[in-house]
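Close look at the chain arrangement
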Amino acid sequence: MAKVTRDDVARLAGTSTAVVSYVINNGPRPVAPATRERVLAAIKELGYRPDRVAQAMASRRTDLIGLIVPDARQPFFGEMAHAVEQAASERGKMVLVGNSDYIGEREVHYLRAFLGMRVSGLILVSHALNDLAAAEIEAWDARVVLLHERPEAIDDVAVVTDDLGGAQLAVRHLLEHGYEYVACMGGTADTPSVGDPVSDHVEGWRRAMAEAGLSTEGRLFEAPYNRYDAYRVALDLLAGPDRPPAIFCSTDDQAIGLLRAARELRIDVPGELAVIGFDDIKEAGLADPRLTTIASDRSAMARAAVDLVLDDGVRVTGSRRERLKVFPSRLVVRHSCGCA
């Protein structure tokens, strides 16, 4: 059977090949609804499949979006990647995912690979973007949207959560329960001090404690973001002589590791220890006890990031603050905080 071409579609639809292209590519020129329907009907009847490689060569852009995350094995980043994929699909795009594993050289590797593939744009969840990665982005003049984090090395548009306000919500809620003070499980020594969500979570904890007239000295504990290493940190913390009455964890993964350690040490949560996390991953509702946490609308954030990276107005002018799209945080009350 002869290969169906764009000319065949145009002939059956009674229009030009240029109009067929406008329909397939959703532009650059508008097509009347009736004409669009004729073209789509002809495509369906003939079984026409556009040559995406040829399209990419002509436009110097593919139907791909590059997404770089620190570690898709962590539930938060896995859920975020899925939300980006869904949003991209709604715009007729596919997503390539690369895991940097928090390693700058690997992040640069994926940047070069994706940009070399002529992706339509990059969505970057970067723990601490280095100067080499920033230079690579600048050299390619790439469309980049920062998601979840906003490293200082580049000044592209960022879609983030109100991490500072969310942390304050969590700590205030625990203090309203009457706990003497709230400890914080923060990040590690190499956590960036600016632009990183965990740094904002720690700062929000500090502010809420200060509002209540409470000291934070000796009450901040370093821990990796994942549950496995956080569990080991929590075993030492909870077995010590100065066990906190309540702990705010910078991630839900940390909180889940903490809950496991408490269970092994036969510490009742929330009777003897109250816990709140941050992120509202799906497992938070299945934890034992169910985890009180801070949530944001990940689907809306992913959709905003995809729209920004694809739309012509992606390069927003203005100050760094004006280039932020901040989504509100909300408290999700379950049982680990002491609420019934």
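Residues numbered from 1 in each chain as written. Predicted model: local features only at pLDDT ≥ 70, side-chain atom pairs only at ≥ 80, totals over all residues. Heavy atoms only, no water.

For the protein, the name recorded in an unreviewed UniProt entry is HTH-type transcriptional regulator, with Streptomyces phaeofaciens as its organism.

1. Structural notes on the overall build of the protein
Counting its secondary structure elements, the protein contains 12 helices and 12 strands. A separation threshold of at least 6 residues defines the contact pool for the protein, and within that pool the share at least 24 residues apart is 71%. When the accessible area of the protein is evaluated, it comes to approximately 16500 Å², of which 50% is carbon and sulfur surface. (Helix = DSSP H or I, 4+ residues; strand = E, 2+ residues; numbered from the N terminus. Contact = heavy atoms within 4.5 Å. Areas by Shrake-Rupley, 256 points an atom, 1.4 Å probe, with all protein chains shown as cover.)

2. What to know about the side chain of Asn226
Looking at the secondary structure, you find Asn226 in the loop between strand E7 (220–221) and helix H10 (227–239). A relative accessible area of 19% means that Asn226 is categorised as buried. Within the structure, the side chain of Asn226 is placed 3.1 Å from the backbone nitrogen of Tyr228, a separation counted as a polar contact. Beyond its immediate sequence surroundings of up to four residues, Asn226 is in contact with Gln74 and Asp253. (Buried < 20%, exposed > 50% of the residue type's maximum accessible area, 1.4 Å probe, protein only. Polar contact = N/O pair within 3.5 Å; in protein donor to acceptor, adjacent residues only side chain to side chain.)

3. A short note on helix H8 (residues 163–176)
With 14 residues, H8 should reach 20 Å at 1.5 Å per residue; the first-to-last C-alpha distance of 20 Å fits that figure. All of the buried residues in H8 are Asp163, Gly165, Gly166, Ala167, Gln168, Ala170, Val171, His173, Leu174 and Leu175. (Expected span 1.5 Å × (residues − 1).)

4. Re unusual backbone geometry
Negative phi is the rule for most residues except glycine; trans is the rule for most peptide bonds. With an omega of 15°, the peptide bond between Val269 and Pro270 qualifies as cis. Structurally, Pro270 is set in the loop between helix H11 (252–264) and strand E9 (274–276). Cis geometry is found at the peptide bond from Asp288 to Pro289, where omega equals 0°. Considering the arrangement of structural elements, one finds Pro289 in the loop between E9 and strand E10 (293–295). With a phi close to 60°, Arg266 is a non-glycine residue in the positive phi region. Examined against the element boundaries, Arg266 turns out to sit in the loop between H11 and E9. Taking the relative accessible area as the measure of exposure, Arg266 reaches 76% and is therefore exposed.

5. What to know about the nonpolar core
Grouped burial of nonpolar side chains is what soluble globular proteins tend to show. With 44 residues, the main nonpolar core has Val182, Leu238, Ile247, Phe248 and Val275 as its most contacted residues. Elements supplying a minimum of two residues to this core: H8, strand E6 (183–185), helix H9 (197–211), H10, strand E8 (246–249), H11 and E9. Those residues in contact with Leu238 that lie beyond four places of it in its chain are Arg243, Ile247, Leu258, Ala261, Ala262, Leu265, Ile267 and Leu273. If you look at the next biggest cluster of nonpolar residues, it comprises 30 residues, including Val69, Phe77, Ala88 and Leu308. (Core = buried A, V, L, I, M, F, W, Y, C linked by side-chain atoms within 4.5 Å.)

6. Looking at the sheet that holds E7
The sheet built from four strands is open, its strands ordered E7-E6-E8-E9 with parallel pairing. Lying at the two open borders of the sheet, with one neighbouring strand each, are E7 and E9. Sheet analysis places E6 next to E7, joined by two bridges and oriented parallel. Looking at E7, one finds that Cys184 is bridged to Leu220. Its contacts with the sheet place H11 against E6, E8 and E9, and it is angled at close to 145° to E8. (Pairing = 2+ DSSP bridges. Axes fitted to C-alpha atoms, helices over the stretch in contact; angles between N-to-C directions.)

7. Details of the packing of H8 against H9
In helix packing, the relevant descriptors are the interaxial angle and the interaxial distance, both defined with respect to the helix axes. Contact geometry of H8 with H9 gives a least axis separation of 7 Å together with a crossing angle of 40°. Considering their axes alone, H8 and H9 lie oblique with respect to each other. Two packed elements cross with a definite hand, and for H8 against H9 that hand is right-handed. Within the contact between the two elements, H8 uses Asp163, Leu164, Ala167, Gln168, Val171, Arg172 and Leu175 and H9 uses Pro197, Asp200, His201, Glu203, Gly204, Trp205, Arg207, Ala208, Met209 and Glu211. For the contact of H8 with H9, the residue count by class is eight nonpolar, three polar and six charged. (Parallel < 35°, antiparallel > 145°, perpendicular 65-115°, else oblique. Left-handed = near helix turned anticlockwise from the far one by under 90°. Nonpolar A, V, L, I, M, F, W, Y, C, P; charged D, E, K, R; others polar.)

8. A word on the sheet that holds strand E5 (residues 157–161)
With parallel pairing, six strands are arranged side by side in an open sheet as E2-E1-E3-E4-E5-E11. What marks the edges here is a single partner per strand, and that holds for strand E2 (94–99) and strand E11 (324–327). Strand after strand, the sheet turns through a mean of 20° between neighbouring axes, direction not considered. Two strands pair when backbone bridges link them, and E5 and E11 are joined in this way by four bridges, in the parallel orientation. Paired with Val160 across the two strands is Val326, which belongs to E11. Sitting on the sheet, helix H5 (residues 75–90) touches strand E1 (64–69), E2, strand E3 (121–124) and strand E4 (144–147), and the angle it makes with E1 is about 170°.

9. Topic: the packing of H5 against helix H12 (residues 298–310)
Orientation of H5 relative to H12, taken along the N-to-C sense of each, is 50°, at an axis distance of 8 Å. With respect to H12, the axis of H5 lies oblique. For the crossing formed where H5 meets H12, the hand is right-handed. Two secondary-structure elements touch here, H5 through Phe76, Glu79, Met80, Ala83, Val84, Ala87, Ala88 and Glu90 and H12 through Arg298, Ser299, Met301, Ala302, Arg303 and Val306. Here the contact of H5 with H12 is built from residues that sort into nine nonpolar, one polar and four charged.

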